[in-house]
Amino acid sequence: MSSSEESISTPSSCRILAVLNQKGGVGKTTTVANLSAVLAQSAKRTLVIDLDPQAHLTIHLGADAETPPSGSYAVLTGAQSLEEVLVQSRPNLWLLSSGIDLVGAETELVNEVGRETILRNALQHIRERFDYIFIDCPPSLGLLTLNALAAADEVLIPIQPHFLALQGFGRLLQTIRLVNQRINPALRVKAILMCMYDSRASLSVEVKNDIEKFLESARQNRTPWSGASVVPVQIRRNIKLAEAPSYGKTIFEYEPSCHGADDYRAVAQYLFGQISAEPQPVSLGDTPACEQTDAGEKARDKA
Ligand code: ADP
Ligand code: MG
């Protein structure tokens, strides 16, 4: 694996966001891939960490998810340092890749003291080189997710507004509260993002209203989510967002003028501000060399 190609400067502060929902298929990976792309296009130095053994983010960005050890596995098991395994994926965008070997990390670390804070410790020396770090969490609340929550400053929770959307939501918040009390007192839920939203479907609107009511009632109590809000821009259901990963492309490389691209730009503007109003599409051909494009090639061949 190649290490970073561009030198990484030292911005003054870095925000680490865990993108978490223990349900699969709600839009976590799509959100990480495309919000990080907006920020990278806006000259924000951005690192994305794939902590899901399914490696969807790694594949979405066109990197290799098949040659072990994956970057995340190497870092969590202490085999290699973060600096050694980071891969530059696009201008201003770095990736810590995942692979199926990450499944084994949970059991391999079972007797390790401090196993929940390995990622946090690994990021300590490197975080100030970035403006934003996103952690794409697996669909579970196990050790990998605990590592994400221990390392993060903020949690972004994507929700797909369908039947049973809020089932398990209490357990998710409980896990965040426990990590907040025991490991990471600074951890806060930043926002809930509605993904695959259909404003014509009454269920979408109902789920959104239920969450808004819940967050409103939580404001009086001191919890990690008492300052959270529902992002006022929703990510609409858009087929282009579902197609882009199979080409190893972000939505801005695949179809920069579609609803999906507009929505992710607007969400990035709301959450992070100060992004360029009109990010330019990035041509894959212009990106610095990233050794790990095989998976993207294969995905493109299959498509
Ligand atoms: P998660 O990471 O939570 O499992 P993903 O981001 O992988 O969820 O999304 C699940 C599936 O839905 C993927 O196939 C993805 O391409 C697709 N998808 C995500 N967001 C949208 C959207 N707004 N409209 C249509 N399809 C979407
Ligand atoms: Mg995912």
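See the structure printed just above.
Basis of the calculations
Residues numbered from 1 in each chain as written. Chains lettered and ligands numbered in written order. Predicted model: local features only at pLDDT ≥ 70, side-chain atom pairs only at ≥ 80, totals over all residues. Heavy atoms only, no water. Near = heavy atom within 4 Å. Polar contact = N/O pair within 3.5 Å; in protein donor to acceptor, adjacent residues only side chain to side chain. Areas by Shrake-Rupley, 256 points an atom, 1.4 Å probe, with all protein chains shown as cover. Helix = DSSP H or I, 4+ residues; strand = E, 2+ residues; numbered from the N terminus. Nonpolar A, V, L, I, M, F, W, Y, C, P; charged D, E, K, R; others polar. Contact = heavy atoms within 4.5 Å. Axes fitted to C-alpha atoms, helices over the stretch in contact; angles between N-to-C directions. Parallel < 35°, antiparallel > 145°, perpendicular 65-115°, else oblique. Phe/Tyr/Trp six-rings, centres within 6.5 Å; stacked < 30°, edge-to-face > 60°. Buried < 20%, exposed > 50% of the residue type's maximum accessible area, 1.4 Å probe, protein only. Patch = residues over 30% accessible without salt bridge, like charges linked within 9 Å, V, L, I, M, F, W, Y side chains within 5 Å. Salt bridge = Lys/Arg side-chain N within 4 Å of Asp/Glu carboxyl O.

> Mind laying out the site of ligand 1, listing which residues take part and the relevant values?
Surrounding ligand 1, one finds 14 residues, the nearest of these being Gly-25, Lys-28, Thr-29, Thr-30 and Asn-238. Within the side chain of Thr-29, one N or O atom sits 2.9 Å away from an oxygen atom of ligand 1. Within the side chain of Thr-30, a nitrogen or oxygen atom sits 2.5 Å from an oxygen atom of ligand 1. Summarising the interface, the protein chains cover 80% of the accessible area of ligand 1, which totals 550 Å² for the free molecule. At the level of secondary structure, the elements contributing two or more residues to the shell around ligand 1 comprise helix 1 (28–41) and helix 10 (239–243). Residue composition of the shell around ligand 1, by class: five nonpolar, six polar and three charged.

> Describe the environment of Ser-72, listing the residues and the values that go with them.
Along the polypeptide, Ser-72 turns up in helix 3 (residues 71–76). Spatially, the C-alpha atoms of Ser-72 and Leu-96 are 6.0 Å apart, while their sequence positions differ by 24 residues. Sequence-distant contacts of Ser-72, that is, excluding residues within four places in its chain, are made with Ile-49, Asp-50, Leu-51, Leu-96, Ser-97 and Leu-102.

> Tell me about the packing of helix 1 against helix 12 (residues 259–272), and name the residues and values.
In the contact formed by helix 1 and helix 12, the axes pass within 9 Å of each other and the chain directions differ by 70 degrees. One way to sum up the angle between helix 1 and helix 12 is to call them roughly perpendicular. Counting all contacts with helix 1, which are made through Thr-30, Thr-31, Asn-34, Leu-35, Val-38 and Leu-39, the residues of helix 12 involved are Tyr-264, Arg-265, Val-267, Ala-268, Leu-271 and Phe-272.

> Kindly report on the packing of aromatic side chains, identifying the contributing residues and their values.
Throughout the structure, instances matching the rule amount to five aromatic pairs. With centroids separated by 4.9 Å and ring planes inclined at 65 degrees, the aromatic side chains of Tyr-132 and Phe-272 adopt a geometry described as edge-to-face. Residue Tyr-132 is located in strand 5 (residues 132–136), and its partner Phe-272 is located in helix 12; the two are separated by 140 residues in the primary sequence. According to the relative accessible area criterion, Tyr-132 is buried, its value standing at 8%. Judged by its relative accessible area of 8%, Phe-272 falls in the buried class. Look at Phe-169 and Phe-214: their rings are 6.1 Å apart centre to centre, the planes differ by 75 degrees, and that puts the pair in the edge-to-face class. A residue pair is termed long-range when its members are at least 10 positions apart, and Phe-169 in helix 8 (residues 169–182) and Phe-214 in helix 9 (residues 202–218) qualify at 45 residues. Classification of Phe-169 as buried rests on a relative accessible area of 9%. Through successive ring pairs, a cluster of aromatic residues spans Tyr-132, Phe-134 and Phe-272.

> Describe a nonpolar patch on the surface, with residues and values.
A cluster of nonpolar side chains, contributed by Phe-163, Leu-164 and Leu-203, occupies part of the molecular surface with about 310 Å² of accessible area. Tracing the backbone shows Leu-203 in helix 9. Using a relative accessible area of 35% as the deciding quantity, one classes Leu-203 as partly exposed.

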